[in-house]
Structure formats: C-alpha cells, structure tokens
Amino acid sequence: MAAIPINANTVAPEKNFFICISILLPSTIIPRRSQKGSIIADIVIKFNMRRVFSLAMLIVGAIIGAGFATGKEISSFFGSPAPPLIALAVGLCLFLLCFGFCLLGSVLKAKDFADVNKKLLKKFGYVADFFLVLNSLIVLSAMLSGMDSLLNGVIPLSPLYSTFSGVICTLIVSKGLKSVINSSLLLAPVMVIIILAICLLNFGDTSPYPITSKSLGGAITYVCMNIMLACTALVGVNEKPKTIFWASLIAALIMTILMLFIIFALNGSDVADDDMPLIKLASESKLTYYPFLFAVAASIFTTMTTAMNGLTDFLGKKLDNVAAPCALILGLIVSNLGFAGVINYLYPIIGAAGIIYVVLCLTASVSNRNLFHCGNDEIHDARKQTKNNRRRHDKV
C-alpha cells in the first residue's frame, strides 16, 4: 500500500495529534477490504476502533493518578535517578496483565470482579474481594485528598474540592461502567498530551542508568498495585479478544512513552525529591502551570472514578441505589489522613496485596486447564457449521 504524503505546512496544528494517532493505530493503515489470503489484515481489521480506543483510555485513566502525573510515583518506586529501561519493563507487564484480566473477564462472562474471584479463586474469592475493595477505598481516599492538596495551592478551599469532585464522580459512577469509560475517553487524551508537553519542555538527562534491585522490585509492586485497581473495571468490559489485545497494547505503549519522558525530565532536574516534582517544573511559567494543573486534576478524577466504580460494584449488592454515595462518604472519611499519609502508610499495603492477588490469579489460570475451553468450543462450532454448509451446497 503506497504511503500517503502529509505536508505539515498545510495541516492545521490542532489536527496534528489526530494525524499521528491515525498513523500509529493499525486499523487505519490496513485496508478495509483485505485480499484473499491476507491473514494479517483479517486479524486486525475486524474490530471497532472506537471500542479499542475507549478501552485503552479506560486503562490509561485508571493508572495515571496524582502520583504518576506529578512524577512522585516514578521517583518513589524507581529511585532517583531512575533507569529509563524500567519504563519498558513496566509497559510490557502492564500489557500482559491488562490483556490477561480483560480476557479473563470475557471468557468467564463476569459481571464484576467479585464474579471473577468466585469463579476463578473458589474458596479464596472472598479474601480477594476484601483486598480489591480495600484497594479501591484506599485509592479513592488518596485521590480525594490529592484533589484538595493540588487545588489548595491556588485557592485554599479544602475540603470543598474533594467534596465537589466526589459528587460529580458519584453521578458518573451511578450511571454504570459505560459512563466511567466515556469520562476517561474525554479526559485521558488531553492529560497525556499536556503531561508529554511538560516533559518535552523539561527534557533532560537520557543517560542509561542501570536497573537496580530496588527499581526492579519497585516496578513489580507498582504494576501489581495499579493492575489491582484497573482490573475492577477491566473484568467487566466483556469485549472481543482482538479489541482487548489492541486496547491493551495501545495503553501500554502510551504508558511506556509517558513514563520514559517523565524519567528523562526528572533525571535532568533536581526536583525528584519534591512532593509534586513535575508541578514544580511546570510552575516556572503560568503558560505551563495552569494547563498542567488541569491535567493533574483530570488524572486524579479518572482514577477516582475507577476506584469508586470498583467500590460501588461491591457495595451495590447490599445497598443498591445508594452504593455510590456510601462509597464517597467512606472515601472522604479515610481521606482525612491526608494525601501524604495515605501514600506513605496505605499504598505499601495495597502494593503487597496486589502482588499476592496477581500471583493467585496467574496460578489459578494456569492450573485450570478448562478455563478457555468455552472459547475453543465456539471456534469448533463455527468450523462445524461451515463444514455442514459446504455439504448442503454440494448436495444442491
């Protein structure tokens, strides 16, 4: 297929991002009608690009919270200076685990994470439910307190910021997972662009620092902690394997690129030990400070909706229509520990719980040989029907 020349001088600047996306995403460079025998084309063209991008943004929105967007998680988990190659390791792990949990929910036809735990972990399901609910509550409280900490620097109106954002979050979550996905689809691309722009403006040290045992251990803890939150929403999407594969791949690529440029920016400055390193870099100019403030607030909000969604799914079995408001009240109570208190005292707990949960799910999936049997049956049934159709054609 001949390449289509693009002249940057004739294209409006605001459209450049969408042109890049159209080049990067596979379905836009594969022709709609593949030739006979083109196996690769048949694999990639038969999915809905909006579904792929929506799911990818759900993953990105769930992972990019206050800690990631400000660069604090990078310095805390991977040290300073952080090794650039750790971003590739984190991205690969995120891809495999996001794809795995999405596929698991689809194969098990799960309604929510509790359904997956019951079918997959059997008697350990209730223990897994407890840890996932605890994780959602801790992350929700961290995002609520993070919203106050972030915006108090502009006008000190705490706890108005956490309460107001929490109420909006409650309204979105009350409408179901689709509303959570739509909010991430709206905010996540803007967050990514602004964070990447700030990092490019502060592009610094690109030295290949070696991966240490601390940074490697931090990577494992970081991925498991985030996937423990994301999986509460991912297992309920019930998408096709092709959609899940491409969405997980796109999300992992975005996270890898963002993390890599955040590392370059932090390694080339002396703000890594600050509470919110990238905000300090962005605050050097009002032209960068306020857009970045919006990006961080949006990243807090998307993570908040994912956390509240997981907590609401669990509480909804008992509290029904008031589950989301109750989740907000619980989050506001725990958020009184403060942003630093939640991060320092409670995040290590959910990090360790995340490792245990991922190991349990992987072990159960490997030991259960019949787990993907239903998917194979569908393929065999389709082949059998095709064969019968051919026989009927021959008889005619």
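That block above? That's the structure.
In short, a report on the structure. Small disclaimer: the values here were computed from a predicted structure and weren't measured. (Residues numbered from 1 in each chain as written. Predicted model: local features only at pLDDT ≥ 70, side-chain atom pairs only at ≥ 80, totals over all residues. Heavy atoms only, no water.)

**Here's the deal with the overall build of the protein chain**
- Across its full length, the protein chain carries 18 helices and 0 strands.
- Taking all 396 residues of the protein chain together, the buried fraction comes to 49%.
- Here the analysis covers contacts within the protein chain between residues at least 6 apart in sequence; of these, 81% occur between residues at least 24 apart.
- Within the structure as shown, the protein chain displays about 20,200 Å² of accessible surface, and the carbon and sulfur contribution to it stands at 65%. (Helix = DSSP H or I, 4+ residues; strand = E, 2+ residues; numbered from the N terminus. Buried < 20%, exposed > 50% of the residue type's maximum accessible area, 1.4 Å probe, protein only. Contact = heavy atoms within 4.5 Å. Areas by Shrake-Rupley, 256 points an atom, 1.4 Å probe, with all protein chains shown as cover.)

**What about the packing of helix α12 (residues 213-234) against helix α17 (residues 339-367)?**
- It is at 7 Å that the axes of α12 and α17 come closest, and there the two elements cross at 80°. Classified by the interaxial angle, the pair formed by α12 and α17 is roughly perpendicular. Together, I220, T221, C224, M225, I227, M228 and C231 of α12 and Y347, I350, G351, A353, G354, I355, Y357 and V358 of α17 make up the contact between the two elements.
- When its residues are assigned to classes, the contact of α12 with α17 shows 12 nonpolar, 3 polar and no charged. (Axes fitted to C-alpha atoms, helices over the stretch in contact; angles between N-to-C directions. Parallel < 35°, antiparallel > 145°, perpendicular 65-115°, else oblique. Nonpolar A, V, L, I, M, F, W, Y, C, P; charged D, E, K, R; others polar.)

**Description of the packing of aromatic side chains**
- For the structure on display, the rule yields 13 aromatic pairs.
- Between F77 and Y222, the aromatic rings sit 5.3 Å apart at their centres with planes inclined by 65°, giving edge-to-face as the arrangement. A residue pair is termed long-range when its members are at least 10 positions apart, and F77 in helix α6 (residues 72-78) and Y222 in helix α12 qualify at 145 residues.
- Exposure remark for Y222: the relative accessible area of 0% places this residue in the buried category.
- Taken together, a centroid distance of 5.6 Å and an interplanar angle of 65° make the contact between F130 and F131 edge-to-face.
- Residue F131 is classed as partly exposed on the basis of its relative accessible area of 30%.
- Cluster of aromatic residues (ring-pair linked, three or more members): F95, F99, F245 and W246. (Phe/Tyr/Trp six-rings, centres within 6.5 Å; stacked < 30°, edge-to-face > 60°.)

**A closer look at the environment of A282**
- Note on placement: A282 falls in helix α14 (residues 277-282).
- Judged by its relative accessible area of 0%, A282 falls in the buried class.
- A sequence separation of 80 residues divides A282 from N202, and the C-alpha atoms of the two residues are 8.7 Å apart.
- In this structure, A282 is in contact with I198, T288, Y289 and F292, ignoring residues within four places of it in sequence.

**Quick notes on α12**
- In this model α12 runs 30 Å from its N-terminal to its C-terminal C-alpha over 22 residues, within 8% of the 32 Å that 1.5 Å per residue would give.
- Where α12 bends most, at M228, the angle is about 30°.
- In terms of residue burial, α12 counts as a mostly covered element, since 16 of its 22 residues are buried. (Expected span 1.5 Å × (residues − 1). Bend = angle between axes of the 7 residues up to and from the residue.)

**A closer look at the side chain of N117**
- Mapping N117 onto the fold places it in helix α8 (residues 113-121).
- Classification of N117 as buried rests on a relative accessible area of 0%.
- In contact with N117, other than residues within four places in its own chain, are K122, G125, A128, D129, L132 and Y357.

**Concerning the pattern of salt bridges**
- Enumeration over the complete set of coordinates arrives at 2 salt bridges.
- A salt bridge links E239 to R51, with the nearest nitrogen and oxygen atoms 2.8 Å apart. Here E239 is found in the loop between α12 and α13 (241-267), whereas its partner R51 is found in helix α4 (residues 49-63), with 188 residues between them in sequence. (Salt bridge = Lys/Arg side-chain N within 4 Å of Asp/Glu carboxyl O.)

**What to know about the environment of T288**
- Considering the arrangement of structural elements, one finds T288 in helix α15 (residues 286-319).
- On the accessibility criterion, T288 (18% relative accessible area) is buried.
- Residues T288 and I194, spaced 94 residues apart in sequence, show a C-alpha to C-alpha distance of 8.8 Å.
- For T288, the side chain forms a polar contact with the main-chain oxygen of A282, separated by 2.6 Å. (Polar contact = N/O pair within 3.5 Å; in protein donor to acceptor, adjacent residues only side chain to side chain.)

Taken by themselves, the reported measurements are silent on function.
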